[in-house]
Amino acid sequence: MGKLVAIVGRPNVGKSTLFNRLTNTRHAIVSDVAGTTRDRQYGKCEWCGKEFSVVDTGGWVVNSDDIFEDAIRRQVLVATEEADLILFVVDIKNGVTDWDEDVAQILRRTKLPVMLVANKADNNQDNYYSAEFYSLGLGDPYSISAATGSGTGDLLDEVLRRLPDTEIDATEELPRFAVVGRPNAGKSSLINAFIGEDRNIVTDIAGTTRDSIYTKFTKFSFNFYLVDTAGIRRKNKVSEDLEFYSVMRSIRAIENSDVCILLIDATRGIEAQDMNIFQLIQRNNKSLVVVVNKWDLVQDKSQPAIKTFENAIRERMAPFTDFPIIFASALTKQRIFKVLETAQMVYENRKARVGTTKLNEVMLPLIEAFPPPSVKGKFIKIKYCAQLPGTQIPSFVFYANLPQYIKEPYKRFLENKIRENWHMTGSPINIFIRQK
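Described in the following lines is the structure provided in the data block. (Residues numbered from 1 in each chain as written. Predicted model: local features only at pLDDT ≥ 70, side-chain atom pairs only at ≥ 80, totals over all residues. Heavy atoms only, no water.)

1. Looking at the side chain of Thr23
Right, on to step 1. Its place among the elements puts Thr23 in helix 1 (residues 15-23).
Right, on to step 2. Side-chain polar atoms of Thr23 contact the backbone oxygen of Phe19, separated by 2.8 Å. (Helix = DSSP H or I, 4+ residues; strand = E, 2+ residues; numbered from the N terminus. Polar contact = N/O pair within 3.5 Å; in protein donor to acceptor, adjacent residues only side chain to side chain.)

Written as structure tokens, this is what we have:
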């Protein structure tokens, strides 16, 4: 079950630097412009063989007028509702500010584990200054330097120790479908349309508010779990930060599912936030079904209009374009059944196996006809390929004499040829090039 750690703190205390350090990335997510790429605020951290997700709340402040007070306070509230653990970052050079005290007051009221991180302790002398943070009433401060990495190992050990150990009962290997999308795209309506009035054959598994709720679905000879994220929001807590909220909320559902049903509002088209959620789906290697909901409200339902809409969606989501798009309406229940059938089909595609002999028979002549471009006068030969066994998504390995020279575009060519010859619609594919 995915664990979520949120980093909170006022601007300029080094939240993004800490985020980059924990996720081993160098996404320069430090920017003063409101609305710069916001999809990078999420990453995975691996430590001692355990994995958890990290969310940096830093880049979500939109209005500069209320940057200090309301906006950040709201984010802290959202973070405390959604995460499993909070890292509260303060600046050891500045000492305790009024704002830190404000946040500490919110955090003292939550039942969540909170760790106080005193950042910018660049030398041993600075460690002594951390003592004044005891006044915040949040226990021992952990002195670290996110820039140099000093102290972060001990911090991570403690994070793992404090993360709750709630494993979902995975006795039944059933497919898990998550319905995701931005607020108001109709997630609740769609789930209600699936479940319909016969609520009796529906059982909820994980029940805590912060977890995704699993609903077992056994109608029409289907058998799967719906990972429901809709309708758990507490209205009074979240006023403006819907975007931040829906992404925090989606992370959970996407990580815990096999197939994501991404809802797009037909009346509004594909928007930046849909793309954020799509990127989360891609980064977690999940299968995808796109459902254009509220199709009953669209005036022009002609074939050309549908084609235009489909092309617009695939263009935005390129290079991954091999996924089904369904035009449906949760309200009139139009094509609801098709959504479930397609999700089931896409789930089966994740498990697709291709025999090695067949794979080589089809792929090697194609590779010979279109070999990888030569680099520095060296010719690259691919002699053999196979599908790796026991992977989560279909993964293929190609053995070449100079694997380091095969670039992304050629890998995409290989992937497209595999997709043309075998049915893997909706499922991501991994292509690996190895030394033969």
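2. So, the pattern of salt bridges
Side chains that differ in charge, positive against negative, can pair when their charged atoms come close.
Right, on to step 1. If you walk through the whole model with that rule in mind, you get 11 salt bridges.
Right, on to step 2. Close ionic contact of Lys417 with Glu420 constitutes a salt bridge, the shortest N to O distance being 3.3 Å. Within this pair, Lys417 and its partner Glu420 are both found in helix 12 (residues 408-421), separated by three residues, close to a single helical turn.
Right, on to step 3. Looking at Lys417, the relative accessible area reads 17%, which means it is buried.
Right, on to step 4. Given the relative accessible area of 57%, Glu420 is considered exposed.
Right, on to step 5. The structure contains a network of salt bridges with shared partners spanning Lys93, Asp122 and Asp126. (Salt bridge = Lys/Arg side-chain N within 4 Å of Asp/Glu carboxyl O. Buried < 20%, exposed > 50% of the residue type's maximum accessible area, 1.4 Å probe, protein only.)

3. Digging into the packing of helix 6 (residues 187-195) against helix 10 (residues 336-350)
Right, on to step 1. With their axes 10 Å apart at the nearest point, helix 6 and helix 10 run at an angle of 90° to one another. By the angle between their directions, the pair helix 6 and helix 10 is classed as roughly perpendicular. On helix 10, the residues that touch Leu190, Ala193 and Phe194 of helix 6 are Ile336, Val339 and Leu340. (Axes fitted to C-alpha atoms, helices over the stretch in contact; angles between N-to-C directions. Parallel < 35°, antiparallel > 145°, perpendicular 65-115°, else oblique. Contact = heavy atoms within 4.5 Å.)

4. Remarks on unusual backbone geometry
Right, on to step 1. Cis geometry is found at the peptide bond from Ala318 to Pro319, where omega equals 5°.
Right, on to step 2. Relative to the helices and strands, Pro319 resides in the loop between helix 9 (303-317) and strand 12 (325-327).
Right, on to step 3. At Cys48, a position not held by glycine, the phi torsion is positive, near 55°.
Right, on to step 4. By the element assignment, Cys48 lies in the loop between strand 2 (42-47) and strand 3 (50-56).

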